[in-house]
Amino acid sequence: MKNFDVVVLGGGTAGEAVAKNLVEAGKSVALVEKLRVGGECAYISCMPSKAMLRSAQARTLAKKLLALGAATKNPDLGDAFQAFEIAARRRDEIASYRNDTDTASEIIKSGVALFRGDGVFTGINSLSVNGESLTWIDLVIATGSEATIPDIPGLSSIDYWRSDQAISTPNAPKSIAIVGGGPVACELAQIFSRFGAKTTIIEFGDQLAGKEHPDVALRLAANLREEGITIFLNTEVTKAELTAEKSSRLTLSNGQVLMCDRVIIAAGRHPQTSGLNLGLIGIELGEKGEILIDGDCRVLGTKNIWAAGDVTAIAPFTHTANYQARIIVENILGGSRKANYSAIPRAIYTDPPVTSVGNFSDSEKNTKILTSKIELSDVSRNSTDSENGGLLILAANLATGVLAGASAIGPHADEWMAEATLAIRAEIPLAVLEDVVHAFPTFGEAFEIPLRELARQHRLFNSESKKASSKMTQCEHEFLLDELTKEVKCIKCGDLDDEMQLPNHALEIEEEKDEFYKTQVSFE
Ligand SMILES: Cc1cc2nc3c(=O)[nH]c(=O)nc-3n(C[C@H](O)[C@H](O)[C@H](O)COP(=O)(O)OP(=O)(O)OC[C@H]3O[C@@H](n4cnc5c(N)ncnc54)[C@H](O)[C@@H]3O)c2cc1C
C-alpha cells in the first residue's frame, strides 16, 4: 500500500497538468497512466490533425499562387498521395512519433510518482495498478473519452479506422467514407480530400457540426462540397460489408451503395468511465456516462474527489481540460475557485475554420437574444487577401446589454474570435464593444457593424421596456437631473425624461441645458 496526498487517474492533458502543479506546490503525487503520458492531444488528436491540416492548407494555397500574383505559373506539386506521405512524416515529428518517453521522464523528474498501467478502484480509498495499491487524501479522475462506435450491422467485418488511426496513417487511401459529420469528421475529410482521396461524409443529422449555428454549418458544407467532398445529410449507414477485393461496401438509408478503400468512424465520443469500479468510491454517473462535478470541479456528493477534462463531458477540449486542471489545483491547495464555462471557445480547424463561443439560445429565464450578421466579403481584408468570404454572427442578450454568443466561418476566425471570447467572459457592455477600434484592414473589423447594430437594439429595448414598466406601475414621475450622467431621471422609477435628454455629442448645448435643469431642479 502506497499513500499519497493526491492520486491522479489518467495522465492526459488534465491529469498531467494537475500532477505537475501539485507536486511543484509540495504535495506527494501519484499519476496513473495506461497508455501515453500527455494523453491524446499531443500524439493522436489535436496536434497531429492540425499538423496535417496545415500541410493540406499549404498545398491548396500553392495552387493559387498565380491568381495571387506570386508566381508566373502555379507550381507542380507532384503526386498528392506521395505528398501525403511527406506530410505524415512532418506530422509524426510534431506528434513525437506517438512516443511519450520525454514527457514521462520530465514528469518523473518533476517529482511525480508515475505508475504505468490500467487503474481500477478496489475500495473506498484504494486504487490498484499493476499489482500496486495506492491510497489518497485527494483523488483526481481525468480518464478522458473514447470514440463511440455506432451499431452498424456488419461493421466488425470491415477494417475501419477510428480518428486516432486515421491521424496516424503513413499513407492515404484512395477513397474514404467517413461516418459522422462532426468537427473531427470535417477536419479528416479536408485532410484526405486535399491529398487526393475521393471522400464522402455520411451524417445522420440535418447539418454538419450539429452544435454550430445552422447558417455557419451550411457554409461549411458548401465549402467542403466545393472542394469535391460528397456529403450525405439525414443519412445512416444500414449495412457494412467487405467485398472480395477487400474494399468496404456501405449501404445507406437513402438507398445508395458506397464503395471505398477505408471507412473512418467519427461518430462522436463518450467519457471513459466504464470498468473503473466507480461505484466502489461512491460515484454515480450522468446520462452520457460522465462524472458529474460542481463549480469547484469536485465530484458531486464527495468531499475529496475531483474530475477534469473529457470525462466530465463539459466542453470536451484540451483548453477546458487545462482550465479545470487549474481550478482543481487551486482548490486542493485550499482555494475556493469556481469554473465559469460561459465563454469556452470551440473550433473546427478546416480551411477556412469554423469557430464559436457562448450561447445563441434564449433558454435562460428573462433573456431575449437578438442576432446580427455580417458577410466577411464586406470586410476589406477579404479583398486584399483574395479570400472567399465567410460569415460572422453575433448574439446579444438584450436585457443585460452584453454579448451572449458568436459564431463564424472565415479566414483566421479561430484567432480573431478571441475578441468575442473575452467580451462574453468579461461581460463587457455592448456600449463599450461598439466603441472598440480595429486596425484596418483586419478581419477583426467584421465585429464593428454587427456590434453597433446590437448596441442600438439594446438601447431601443431599454427605452421600450422602461416605458412599459412605468406604464404598468403608473409612476407619478418626479424628474431630476443626475449630475453624474447628465440624464434627467425619475427619482422614483429611474425612467428617463424623453423630452429633456441631452444630446451627448454637443457640448455647447449641454452647457446651456445644464443651466436650464438647475433652474428646474431649484423649483422642485
Ligand atoms: C481527432 C481529434 C482532434 C481533436 N482536436 C482538438 C483540438 O484541435 N483542440 C482541442 O481543444 N481539442 C481537440 N480534441 C479534443 C482533445 O483531444 C480532448 O479534449 C483532450 O485530449 C482531453 O483531455 P483529457 O485530459 O480529458 O483526456 P486525455 O488527454 O485523453 O487523457 C486521458 C488519459 O487517461 C488515460 N486513462 C484512461 N483510463 C485509464 C485507466 N483506467 N488507468 C490509467 N489511465 C487511464 C488514457 O490513457 C489517457 O492518456 C480533439 C479530439 C480528437 C479525437
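Scoring rules and cut-offs
- Residues numbered from 1 in each chain as written.
- Predicted model: local features only at pLDDT ≥ 70, side-chain atom pairs only at ≥ 80, totals over all residues.
- Helix = DSSP H or I, 4+ residues; strand = E, 2+ residues; numbered from the N terminus.
- Buried ≥ 20, exposed ≤ 12 C-beta atoms within 10 Å, placed from the backbone.
- Contact = placed C-beta atoms within 7 Å.
- Arc of directions from axis to C-beta.
- Core = buried A, V, L, I, M, F, W, Y, C linked by C-beta atoms within 7 Å.
- Pairing = 2+ DSSP bridges.
- Axes fitted to C-alpha atoms, helices over the stretch in contact; angles between N-to-C directions.
- Parallel < 35°, antiparallel > 145°, perpendicular 65-115°, else oblique.
- Left-handed = near helix turned anticlockwise from the far one by under 90°.
- Nonpolar A, V, L, I, M, F, W, Y, C, P; charged D, E, K, R; others polar.
- Near = placed C-beta within 6 Å.
- Domains from an automatic or database assignment.

Moving on: the overall build of the chain. When helices and strands are tallied, the chain shows 15 helices and 23 strands. Its C-alpha atoms put the chain at 95 × 70 × 45 Å along the principal axes. With 524 residues in all, the chain has 40% of them scored as buried. A fraction of 63% describes how many contacts in the chain between residues 6 or more apart in sequence connect residues 24 or more apart.

So, on to the environment of glutamate 448. If you trace the backbone, glutamate 448 turns up in helix α14 (residues 448–473). Sequence spacing of glutamate 448 and isoleucine 374 is 74 residues, and the spatial spacing of their C-alpha atoms is 9.4 Å.

On to helix α12 (residues 418–425). Think of an α-helix as turning once every 3.6 residues; residues three or four places apart then point the same way. Buried within α12 we find Glu419, Ala420, Ala423 and Ile424. Angular distribution of buried residues about the axis of α12 spans 125 degrees; they occupy a single face of the element. Those residues of α12 hidden inside the fold are in contact with β18 (354–358), β21 (402–409), α11 (413–416) and α13 (430–433). Once α12 finishes, glutamate 427 follows within two positions and takes phi at roughly 50 degrees, a positive value.

Below, the discussion takes up the nonpolar core. Counting residues in hydrophobic clusters, the biggest one holds 84 residues, and the most contacted among them are Ile178, Leu188, Leu220 and Leu403. Per element, the largest residue contribution to this core is seven residues, and it comes from helix α7 (residues 183–194). Every residue in contact with leucine 220, bar those within four places of it in the chain, is listed here: Cys186, Leu208, Ala209, Thr350, Val354 and Ile409. Of all hydrophobic cores here, the second largest spans 48 residues; its members include Ala30, Val129, Val140 and Ile327.

Another point: the sheet that holds strand β20 (residues 391–397). In spatial order, the strands read β17-β18-β21-β20-β19; together these five strands make up an open sheet with antiparallel pairing. If you trace the sheet from one side to the other, it starts and ends with β17 (346–348) and β19 (369–375), each paired once. For this sheet, the mean angle separating the axes of adjacent strands, direction not counted, is 15 degrees. The pairing of β18 with β21 spans five bridges and is classified as antiparallel. Within β21, the residue paired with valine 357 across the bridge is alanine 406.

On to unusual backbone geometry, then. Note that the residue after aspartate 351, namely proline 352, is joined by a cis bond; omega there is -5 degrees. With respect to the helices and strands, proline 352 occurs in the loop between β17 and β18. Going from phenylalanine 440 to proline 441, the amide bond is cis rather than trans, its omega being -10 degrees. With respect to the helices and strands, proline 441 occurs in the loop between α13 and α14. Phi is positive for arginine 98, close to 55 degrees, though the residue is something other than glycine. As for its position among the elements, arginine 98 is in the loop between α4 (80–94) and α5 (101–109).

One can describe the packing of helix α1 (residues 13–24) onto helix α9 (residues 318–332) by two numbers: an axis separation of 8 Å at closest approach and a directional angle of 30 degrees. On the basis of their axis angle, the class for α1 and α9 is roughly parallel. In this structure, the crossing between α1 and α9 has a hand that is right-handed. Residues Thr13, Ala14, Ala17, Val18, Asn21 and Leu22 of α1 form the contact with α9, whose own contacting residues are Thr318, Ala321, Asn322, Gln324, Ala325, Ile328, Val329 and Ile332. In terms of residue class, the contact of α1 with α9 is built from nine nonpolar, five polar and no charged.

Take the sheet that holds strand β14 (residues 262–265) next. With parallel pairing, four strands are arranged side by side in an open sheet as β10-β9-β8-β14. Each edge of the open sheet is held by one strand with a lone partner, namely β10 (230–232) and β14. If you compare each strand with its neighbour and ignore which way they point, the axes differ by 20 degrees on average. By the bridge criterion, five bridges tie strand β8 (residues 175–179) to strand β9 (residues 198–202) in an arrangement that is parallel. What sits directly across from serine 175, in β9, is lysine 198. α7 contacts β8, β9 and β14 of the sheet and is inclined by roughly 165 degrees relative to β9.

This part covers the site of the ligand. Gly10, Gly12, Gly39, Gly144 and Gly309 are the nearest of the 38 residues found near the ligand. For the shell around the ligand, the elements supplying multiple residues, two or more each, are α1, β2 (29–33), α3 (46–62) and α9. Partitioned by chemical class, the residues of the shell around the ligand number 15 nonpolar, 16 polar and seven charged. If you count residues domain by domain, the shell around the ligand takes at least three from each of domain 1 (2–145 + 270–332) and domain 2 (155–269).

Let us now look at the domain arrangement of the chain. Where the parts come together, the accessible area they lose is often given as the size of the interface. The domains assigned to the chain are domain 1 (2–145 + 270–332), domain 2 (155–269), domain 3 (352–460) and domain 4 (476–523). Computed from C-alpha atoms alone, the centre-to-centre distance between domain 1 and domain 2 is 26 Å. Opposite the 19 residues of domain 1 that make contact, domain 2 presents 14 residues. At the level of secondary structure, the elements contributing two or more residues to the side of domain 1 that touches domain 2 comprise α3 and α4. Among the elements that line the side of domain 1 that touches domain 2, the one with the most residues is α3, at seven residues. By residue class, the composition of the side of domain 1 that touches domain 2 is eleven nonpolar, five polar and three charged.

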